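Reading the structure
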Amino acid sequence: MITIRPERIEDYTAIHEVHVLAFGGEDEARLVESLRQSTNFVPELSLVAVKNGRVVGHILFSPVIIETQKGAISAVALAPMGVRPKFQNQGIGSELVRQGLKECQLLGHKVVVVVGHPTYYPRFGFSSASAKGLEAPFQVSDEAFMVLELIPGALDGIIGMVKYPLAFDEVV
Ligand SMILES: CC(C)(COP(=O)(O)OP(=O)(O)OC[C@H]1O[C@@H](n2cnc3c(N)ncnc32)[C@H](O)[C@@H]1OP(=O)(O)O)[C@@H](O)C(=O)NCCC(=O)NCCS
């Protein structure tokens, strides 16, 4: 049984460990800590997967802006997501994404961007961000930069660049 719920203060150490083990380094764990201390942090969008009382996975969504010629449009970015290596390939990551997207929708978000594995995220409805008129503010392969419209058509007529919170500058 897996429970997905918002993070609590007592989860911080386990979340750090999840990302260090999943990514094999400190960058993503530090990114979470940096975002958590920023004004950009939305506690409801920092979710943990708990199995037998242990935090085995974590996902974070942060508000971002799409800068367009007609002004700024709000969106959220999925990053990072990690599952403890011993618990990977058991559907935990998928559950985190699905619950996270539901929460984003409940909070009224319309657009979610992600930089990630091009063979993983399409199963949740993500597709090429550039094909939807979005540009990344950093070097990233076209197929890794993806977007999901939580409201179909939310990006119709939009051409713009995604602006990430400053904390991301340290990891990209
Ligand atoms: C990516 C990750 C979060 C997925 O979590 P998970 O619990 O293993 O995912 P699920 O069990 O729901 O899904 C497993 C699927 O993810 C795929 N997957 C895992 N790592 C992948 C990778 N690096 N590239 C592409 N697909 C990957 C598996 O091949 C499997 O595909 P299948 O269902 O077609 O067999 C987890 O593998 C992880 O923590 N990886 C290291 C950190 C990372 O890369 N984070 C994501 C950054 S975009």
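The model shown is predicted, which means the values in this text are computed figures rather than measured ones. (Residues numbered from 1 in each chain as written. Predicted model: local features only at pLDDT ≥ 70, side-chain atom pairs only at ≥ 80, totals over all residues. Heavy atoms only, no water.)

Examining a negative patch on the surface
- A cluster of acidic side chains, namely Glu26, Asp27, Asp169 and Glu170, defines a negative patch on the protein surface.
- In this structure, glutamate 170 sits in the segment after strand E9 (160-163). (Patch = residues over 30% accessible without salt bridge, like charges linked within 9 Å, V, L, I, M, F, W, Y side chains within 5 Å. Areas by Shrake-Rupley, 256 points an atom, 1.4 Å probe, with all protein chains shown as cover. Salt bridge = Lys/Arg side-chain N within 4 Å of Asp/Glu carboxyl O. Lys, Arg positive; Asp, Glu negative; His and termini not counted. Charge placed at Lys NZ, Arg CZ, Asp CG, Glu CD. Helix = DSSP H or I, 4+ residues; strand = E, 2+ residues; numbered from the N terminus.)

With respect to the site of the ligand
- Around the ligand, 19 residues are found, and the nearest of them are Asn89, Gly91, Gly93, Ser94 and Arg123.
- Contact between the ligand and arginine 123: an oxygen atom at 2.8 Å from a side-chain N or O atom of the residue.
- Protein coverage of the free-state accessible area of the ligand, which is 870 Å², stands at 68%.
- Elements with a minimum of two residues in the shell around the ligand: helix H1 (12-23), strand E4 (71-83) and helix H3 (92-106).
- When grouped by side-chain class, the residues that make up the shell around the ligand number 8 nonpolar, 10 polar and 1 charged. (Near = heavy atom within 4 Å. Polar contact = N/O pair within 3.5 Å; in protein donor to acceptor, adjacent residues only side chain to side chain. Nonpolar A, V, L, I, M, F, W, Y, C, P; charged D, E, K, R; others polar.)

Let's talk about the pattern of salt bridges
- Within the structure shown, the criterion is met by 4 salt bridges.
- Here arginine 5 ties to aspartate 11 by a salt bridge, and the two come within 2.8 Å at their closest N and O atoms.
- Put simply, glutamate 7 and arginine 36 hold a salt bridge, and the shortest N to O gap is 2.9 Å. Within this pair, whereas glutamate 7 is found in the loop between strand E1 (2-6) and H1, its partner arginine 36 is found in helix H2 (residues 27-36), the two being separated by 29 residues in sequence.
- Residue class for glutamate 7 comes out buried when judged on its relative accessible area of 12%. (Buried < 20%, exposed > 50% of the residue type's maximum accessible area, 1.4 Å probe, protein only.)

Overview of the environment of glycine 57
- In this structure, glycine 57 sits in strand E3 (residues 54-68).
- Beyond its immediate sequence surroundings of up to four residues, glycine 57 is in contact with Val18, Leu47, Val48, Ala49, Gly82, Val83 and Leu96. (Contact = heavy atoms within 4.5 Å.)

Section: the nonpolar core
- Within the largest apolar cluster, 29 residues are counted, with the highest numbers of intra-cluster contacts made by Ile66, Val113, Leu134, Phe145, Val162 and Tyr164.
- Going through the elements one at a time, H1, H2, strand E2 (46-51), E3, E4, strand E5 (111-115) and strand E8 (145-149) are the ones with two or more residues in this core.
- One finds Val83, Tyr121, Met146 and Leu150 within the second-largest nonpolar core, a separate group that totals 27 residues. (Core = buried A, V, L, I, M, F, W, Y, C linked by side-chain atoms within 4.5 Å.)

Some words on the packing of aromatic side chains
- Under the definition given, this model contains 6 aromatic pairs.
- A centroid spacing of 5.4 Å and a plane angle of 75° characterise the contact between tyrosine 120 and phenylalanine 124, whose relative ring orientation is edge-to-face. Taken as a pair, tyrosine 120 and phenylalanine 124 share a single burial class, namely buried.
- Its end group placed over the ring of tyrosine 12, arginine 36 keeps NZ or CZ at 3.7 Å from the ring centre. (Phe/Tyr/Trp six-rings, centres within 6.5 Å; stacked < 30°, edge-to-face > 60°. Lys NZ or Arg CZ within 6 Å of the ring centre and 35° of its normal.)

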